[in-house]
Amino acid sequence: MTQETVTYLTNIVIITILACLITHYWLRQGRTPAMRWWMISAWVMLAADVLFAARPELPQWLGRTLPTLFVTVGHAGLYFGACRTAGLSANARGVGAMLITHAAGLVYFLTLTHHSDWRMVFNGVIWAAVSFASYQAMHSASLVFWKPLVAPANAFLLHGIFHCLRVALAILFAALGWTDAAAWLQMVGDLEVSFFMVALFVGILLANLHLRNEELTSALAEVQTLSGLLPICSWCKKVRDDDGYWQRVEDYFAARSQIEFTHGICEDCYKKHDPRNLRVSS
């Protein structure tokens, strides 16, 4: 078993755990569209690593194109997840054009009679571009998705920076003809995938749990505010607050909850205050 295969098998174990966690959260927390995209991307990335591990057993043309293309599809899913999380519309046409371009490029490199290190450059440019687009989208989401150090937006940023550095080194190695160095750079890239996936999906789960906790805390505070004895004037029906001031019922609840009052008139009051009835009684 080669070192490359061991790396892919390790990635498979890690991403399987993450995909199961994301799927469990999606099933238990309302099946939101954003979490659905994160879940799909996790399983696509897992399928990519399975194909990479099985590449020695696949036909050359399939092993050199399908696993890499699956990684790009997974990155596209992550981009859609980022846009959904931020409430933005994803550039579906741009994503489609990117996938077609990447597939065409992989077919071109397959037709070459010799191994080309420029293939790594081509892949890195596409993956870096999608990572930076996802990072930019996440900045329109809630603060928990981009401000903390462990926020998922920062995982996208570091992933994009890594691919930029990898592209620069790949260009240098290709120009100098350092084949061994290029192979080492490929192995580093395979290892980085695990760190990226762990940082991203753990950050997503932490951010969503933080938002959930805020919602529960707000709901609990609202329940506590509206519980207990409520002093109310038996004549004018005003409510006394904690500071001893008398307020209208509408003002009291509006200041302590999301309740909004709409005004109407009941049948008894309508009969009592109808001008026609007042003229008859007079």
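Quick note: structure is the one above.
I will try to describe carefully the structure that is included in this document.

About the thresholds
Residues numbered from 1 in each chain as written. Predicted model: local features only at pLDDT ≥ 70, side-chain atom pairs only at ≥ 80, totals over all residues. Heavy atoms only, no water. 1 Å grid on protein atoms, 1.4 Å probe; cavity = no way out; pocket = protein on both sides within 12 Å on 5 of 7 lines; lining within 4 Å. Points joined across faces, edges and corners; volume = space filled by probe spheres on them. Helix = DSSP H or I, 4+ residues; strand = E, 2+ residues; numbered from the N terminus. Nonpolar A, V, L, I, M, F, W, Y, C, P; charged D, E, K, R; others polar. Salt bridge = Lys/Arg side-chain N within 4 Å of Asp/Glu carboxyl O. Buried < 20%, exposed > 50% of the residue type's maximum accessible area, 1.4 Å probe, protein only.

This part covers the layout of surface pockets. Volume-wise, the largest pocket comes out at about 670 Å³. If you go around the largest pocket, you meet 34 residues; those closest to its centre are Tyr 8, Phe 52, Arg 55, Gln 186 and Asp 190. Counting residues per element, the ones that place at least two in the lining of the largest pocket are helix 1 (3-28), helix 2 (33-53), helix 4 (66-86), helix 6 (118-138), helix 7 (152-176) and helix 8 (179-225). Residue contributions to the lining of the largest pocket peak at 9 residues, all from helix 8. Taken together, the residues of the lining of the largest pocket sort by class into 12 nonpolar, 13 polar and 9 charged. In this model, the second largest pocket occupies a volume close to 320 Å³. Forming the boundary of the second largest pocket are 15 residues, of which Tyr 25, Thr 32, Asn 208, Leu 211 and Glu 215 lie nearest the centre. A per-element tally of the lining of the second largest pocket places helix 8 first, with 5 residues.

To continue, consider the pattern of salt bridges. Taken as a whole and judged by the stated rule, the model has 2 salt bridges. The closest approach of N and O atoms between Glu 215 and Arg 212, which form a salt bridge, is 3.6 Å. Of this pair, Glu 215 and Arg 212 both sit in helix 8, 3 residues apart, roughly one helical turn. With relative accessibility at 48%, the residue Glu 215 sits in the partly exposed group. As a salt-bridge pair, Arg 248 and Asp 251 come within 3.3 Å of each other at their nearest N and O atoms. Residue class for Asp 251 comes out partly exposed when judged on its relative accessible area of 35%.

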